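Residues per chain are reported as follows:
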Amino acid sequence: MLVLGIESSCDETGLALVRDGRLADHVLASQADIHALFGGVVPELASREHLRFIGGLYDILMERQGLGAGELDAVAVARGPGLLGCLLVGMAFAKGLCLGCGARLVGVNHLHAHLLAAGIGHRLEFPALGLLVSGGHTNIYHMASPVEITQLGRTLDDAAGEAFDKCGKVLGLAYPGGRLLDALARRGRADAAMFPRPYLDNDNLDFSFSGLKTAASLYAAAHFAPDAWPRPLESVDSAPEALCDMCASFNLAVVETLEAKVERALDRYPAVRNLIVAGGVAANSLLRSRMHDLMRRRGGQVAMPEPSLCTDNAAMIAHAGYLVHAHGLESRLDLEAIPRGRAIPDDFVRA
Ligand code: KG4
Ligand code: ZN
């Protein structure tokens, strides 16, 4: 079975091919440089860039693999959540292909695809607990199978990635700050008392990270002169020790908060021995090692996508589409794009 995946929900245009469950090839055009000029993603610019790139990327991918559209069995497309104009570019392209060449359409939940990306290259075990940590979301899920995924908790305000990026902004790190903050943290010494572990004093599986940004701003204002390092800081080379120490402390606060709620969720589902951690923040080195330690301690296993497949990409969409189609499900051609903030309907039909 040959599945084409299309990702265009935010600022990365990606296309990928999965053949019989294995990733064959993928291409990705990032718009990060353009949006960096504005300090965040500009939705109208993002959809125009998707439109500019999607056709050319499709040609490159298909030519590289020596394939024609008629050989596609299914076209999987990210149908939400995301920026509506951006999603519509990918959806229109996918529907056009399906209408033109007879492939089946599979509308993929972008968040579920992040989680299932942990299974690219090896088999995932179910039931599993899923922790999705990205720039826009911080969710915990119960996953009975690749197509039975139930949300247990979410962030009430900022996502974990947003917390990293906002702290990065306060510190004058190049946007988005998460990856550099992680690199700086690896050079620093963490002080566990520098920042709080927010929103743990309750009995739920939700998160709240907005207060950490305020704590980071206050700490930076009290301890760092505005010209203490060149801004925007692009690399770890010119970073002073005190900055690395603050990054290490902030990193630890976010990771320990995530860990506490994951452990709480595992306590509530004693039959679950598998943890999946995914999304852009799953590339974080401390989070990866702490989640490994946690599951080793509990006698279970953790699966995470390789770091390059943690951020947005089309390999995860093609792979999720393959799994859905392999379960005998597909989408109708009137499939709706779902913007951020609206629940994604469970509207698959039997293939
Ligand atoms: O999943 P993703 O590509 O985008 C969304 O769908 O939201 O995640 C992007 C987020 C950004 O906030 C970025 O700063 C963060 O992931 N990120 C990291 C790391 N690499 C990327 N955060 C912490 N440590 C990292 N190594
Ligand atoms: Zn994403």
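About the thresholds
Residues numbered from 1 in each chain as written. Chains lettered and ligands numbered in written order. Predicted model: local features only at pLDDT ≥ 70, side-chain atom pairs only at ≥ 80, totals over all residues. Heavy atoms only, no water. Near = heavy atom within 4 Å. Polar contact = N/O pair within 3.5 Å; in protein donor to acceptor, adjacent residues only side chain to side chain. Areas by Shrake-Rupley, 256 points an atom, 1.4 Å probe, with all protein chains shown as cover. Nonpolar A, V, L, I, M, F, W, Y, C, P; charged D, E, K, R; others polar. Domains from an automatic or database assignment. Buried area = accessible area lost by both parts, 1.4 Å probe. Salt bridge = Lys/Arg side-chain N within 4 Å of Asp/Glu carboxyl O. Helix = DSSP H or I, 4+ residues; strand = E, 2+ residues; numbered from the N terminus. Pairing = 2+ DSSP bridges. Axes fitted to C-alpha atoms, helices over the stretch in contact; angles between N-to-C directions. Contact = heavy atoms within 4.5 Å. Patch = residues over 30% accessible without salt bridge, like charges linked within 9 Å, V, L, I, M, F, W, Y side chains within 5 Å. Buried < 20%, exposed > 50% of the residue type's maximum accessible area, 1.4 Å probe, protein only. Donors = N, O, S within 2.8 Å, 3.2 Å for Na, K, Ca; no water. Tetrahedral: all angles 85-135°; square planar, octahedral: opposite > 155°, others 65-115°.

**Q** Which parts of the structure should I look at to understand the site of ligand 1?
**A** Close to ligand 1 lie 20 residues; Gly135, Asp165, Asp182, Gly280 and Asn284 are nearest. One nitrogen or oxygen atom from the main chain of Gly161 is found 3.2 Å from an oxygen atom belonging to ligand 1. At 2.9 Å, a side-chain N or O of Asp182 approaches a nitrogen atom of ligand 1. Contact with the protein chains covers 87% of the free accessible surface of ligand 1, which is 550 Å². Counted by class, the shell around ligand 1 contains five nonpolar, 11 polar and four charged residues. For the shell around ligand 1, the domains that each give at least three residues are domain 1 (2-117 + 311-350) and domain 2 (127-304).

**Q** It is not clear to me how the domain arrangement of the protein should be interpreted in this structure. Could you clarify?
**A** Frequently, the measure chosen for interface size is the accessible area removed from exposure when the parts meet. Taken domain by domain, the protein holds domain 1 (2-117 + 311-350) and domain 2 (127-304). A straight line from the C-alpha centre of domain 1 to that of domain 2 covers 27 Å. Surface buried jointly by domain 1 and domain 2 totals about 1,500 Å² across both partners, of which 74% is contributed by carbon and sulfur atoms. Where domain 1 packs against domain 2, one counts zero salt bridges. Here domain 1 and domain 2 share one residue pair in polar contact (both at pLDDT 80 or more) between them. For the side of domain 1 that touches domain 2, the elements supplying multiple residues, two or more each, are helix H4 (110-116) and helix H10 (315-326). For the side of domain 1 that touches domain 2, the element with the most residues is H4, which contributes five residues. Of the residues assigned to the side of domain 1 that touches domain 2, the class counts are nine nonpolar, six polar and one charged.

**Q** When you look at the sheet that holds strand E3 (residues 22-30) in this model, what are you seeing that I'm missing?
**A** Across a sheet, strands are paired by hydrogen bonds formed along the backbone, either parallel or antiparallel in direction. With mixed pairing, the five strands of this open sheet are ordered in space as E3-E2-E1-E4-E5. The open sheet has two free edges, formed respectively by E3 and strand E5 (104-109), since each of these has just one partner strand. Neighbour-to-neighbour, the strand axes of the sheet open up by a mean angle of 20 degrees, direction not taken into account. With four bridges connecting them, strand E1 (residues 2-7) and strand E4 (residues 74-80) associate as parallel partners. Along E4, the bridge assignment pairs Leu4 with Val75. Across the face of the sheet, helix H3 (residues 84-101) comes into contact with E1, E4 and E5 while running at roughly 160 degrees to E4. Most of the contacts of H10 go to E1, to which it runs at about 135 degrees, and overall it touches E1, strand E2 (12-19), E3, E4 and E5.

**Q** Where do I start with the pattern of salt bridges in this structure?
**A** When charged atoms on two side chains of opposite charge get close, those side chains can pair. Taken as a whole and judged by the stated rule, the model has 19 salt bridges. When the shortest N-O distance is used, the salt bridge between Arg79 and Asp347 registers 3.1 Å. Here the residue Arg79 occupies a position in strand E4, and Asp347 occupies one in the loop between strand E11 (329-330) and strand E12 (349-350), the gap between them amounting to 268 residues. Residues joined by salt bridges that share partners form a network here, namely Arg197, Glu256, Glu259, Glu263, Asp267, Arg290, Arg297 and Arg298.

**Q** How should a nonpolar patch on the surface be read in this particular structure?
**A** Judged by side-chain polarity, Leu37, Phe38 and Leu45 come together as a nonpolar surface patch covering roughly 330 Å² of accessible area. Note that Leu45 resides in helix H2 (residues 43-64). On the accessibility criterion, Leu45 (30% relative accessible area) is partly exposed.

**Q** What should I look at first to understand unusual backbone geometry in this one?
**A** Note: most peptide bonds trans; most residues except glycine with negative phi. A cis amide bond, omega 0 degrees, links Phe126 with the succeeding residue Pro127. Secondary-structure assignment places Pro127 in the loop between H4 and strand E6 (128-133). With an omega of -15 degrees, the peptide bond running from Tyr175 to Pro176 counts as cis. Backbone geometry places Asp20, a non-glycine residue, at a positive phi of 50 degrees.

**Q** Can you walk me through the coordination of the zinc ion (ligand 2) in this structure?
**A** Each pair of donors in an ideal four-coordinate tetrahedral metal site encloses 109.5 degrees, whereas pairs in an ideal six-coordinate octahedral site enclose 90 or 180 degrees. At the metal site, the zinc ion (ligand 2) is ligated by His110 (NE2), His114 (NE2) and Asp312 (OD), and these contacts range over 2.0 to 2.1 Å. Each of the four donor atoms bound to the zinc ion (ligand 2) contributes to angles spanning 93 to 138 degrees, and the resulting shape is irregular. Within one chain, the residues serving as donors to the zinc ion (ligand 2) are arranged as H-x3-H-x197-D. Of this pair, His114 sits in helix H4 while Asp312 is found in the loop between strand E10 (301-303) and H10, placing the two residues 198 residues apart along the sequence. For His114, a relative accessible area of 1% corresponds to the buried category.

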